[in-house]
Amino acid sequence: EAQVTQNPRYLITVTGKKLTVTCSQNMNHEYMSWYRQDPGLGLRQIYYSMNVEVTDKGDVPEGYKVSRKEKRNFPLILESPSPNQTSLYFCASSSNRGGGELFFGEGSRLTVL
Amino acid sequence: AQRVTQPEKLLSVFKGAPVELKCNYSYSGSPELFWYVQYSRQRLQLLLRHISRESIKGFTADLNKGETSFHLKKPFAQEEDSAMYYCALPATYNTDKLIFGTGTRLQVFP
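Since the structure is predicted, the reported quantities are computational estimates derived from the model, not experimental observations. Note on numbering: residues in each chain are counted from 1, in written sequence order. The naming scheme follows written order: chains are lettered A onward, ligands numbered 1 onward. The predicted origin of the model limits local features to residues at a pLDDT of at least 70 and limits the giving and counting of side-chain atom pairs to 80 or more, whereas totals for whole chains, interfaces and linings rest on all residues. Calculation of side-chain values draws on the structure's entire complement of heavy atoms; hydrogens and water are dropped beforehand.

**Q** How would you summarise the sheet that holds strand β3 (residues 19-25) of chain A if you had to cite specific residues and measurements?
**A** Residue and element names in this part refer to chain A. Each pair of strands is called paired provided DSSP finds at least two bridges between the two strands. In this description a helix means any DSSP run of H or I spanning at least four residues, a strand means any run of E spanning at least two, and both kinds are numbered starting from the N terminus. Ordered by their spatial adjacency, four strands build an open sheet running β1-β3-β8-β7, and the pairing between neighbours is antiparallel. Every interior strand has two partners, whereas the edge strands, β1 (4-7) and β7 (65-66), have only one. The sheet contact formed by β3 and strand β8 (residues 76-78) spans three bridges and is antiparallel. Each bridged residue has a counterpart across the sheet, and for V21 the counterpart in β8 is L76.

And the structure:
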């Protein structure tokens, strides 16, 4: 089944404790992206990657890092999480053909205390 | 700057009533617009795109360039339509990047 898989789905952590949210897709998509979803603000892009070893900042990259060593994986790293990073995070992928259809993961709900 | 505006945070209707979820955009050129839907506890998924001109689950959306709108409509709402709806358009500098509106929650009461 074609899908985008994120882990963990739920996480509670404390300020400053590094964490990684993994994202994997099995559709051979070149493009991958991370969004955060906050009430009243909708979806905001954090980082994106056009292909392996090619990443760039989105609209709200502060406090996050990403890497794209393999085509299928695009982990989101919070080096020193803070409470304002409490949010629902979505990974998404698409082919580089454009057309705009993004395939989303199920989301990872992160709480930083 | 490109922008997608969804003016309603919440829209509540009764089953069988018509629904219109508003979306306005700012974009230079000919935009390609999308509606994504997020049902409770599920991932976001594409509902429809204007370029395909199709009706999905009874929903349609017409691009009105004069009013820069792409409202989502359904003549008779069903309870299973209750969800979060996002309007989106691609960034001009990166067509794989979608710019989303803030979303409208549709509640359909029995």
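**Q** Lay out the pattern of salt bridges in plain terms, naming residues and giving numbers.
**A** Salt bridges are identified by distance alone: a Lys or Arg side-chain nitrogen within 4 Å of an Asp or Glu carboxyl oxygen. As enumerated under the stated definition, the model contains 11 salt bridges over all chains in all. One salt bridge connects D38 of chain A with R44 of chain A, and the closest N-O pair in it is separated by 2.8 Å. The cut-offs for exposure are 20% and 50% of the maximum accessible area for each residue type, with area from a 1.4 Å probe on protein chains only; residues under the lower value are buried, those over the upper are exposed, and the others partly exposed. A residue is classified by how much of its surface remains accessible, and D38 of chain A, at 10% relative accessible area, is buried. Via salt bridges that share partners, R9 and E106 of chain A together with R43 of chain B belong to a single interconnected network.

**Q** Help me get a handle on the pairing of strand β5 (residues 42-51) of chain A, residues and values and all.
**A** Residue and element names in this part refer to chain A. Within β5, seven of the 10 residues are buried, which leaves it mostly tucked inside the rest of the structure. As judged from the seven bridges shared by strand β4 (residues 31-38) and β5, these two strands associate in the antiparallel manner. The residue bridging R36 from the neighbouring strand is R44, located in β5. Summarising the sheet, β5 and strand β6 (residues 54-57) pair through four bridges and their orientation is antiparallel. If you follow N51 over to β6, its bridge partner there is V54. Counting the residues that bridge the hairpin from β5 to β6 gives two residues, and of these E53 lies at a positive phi of roughly 65°.

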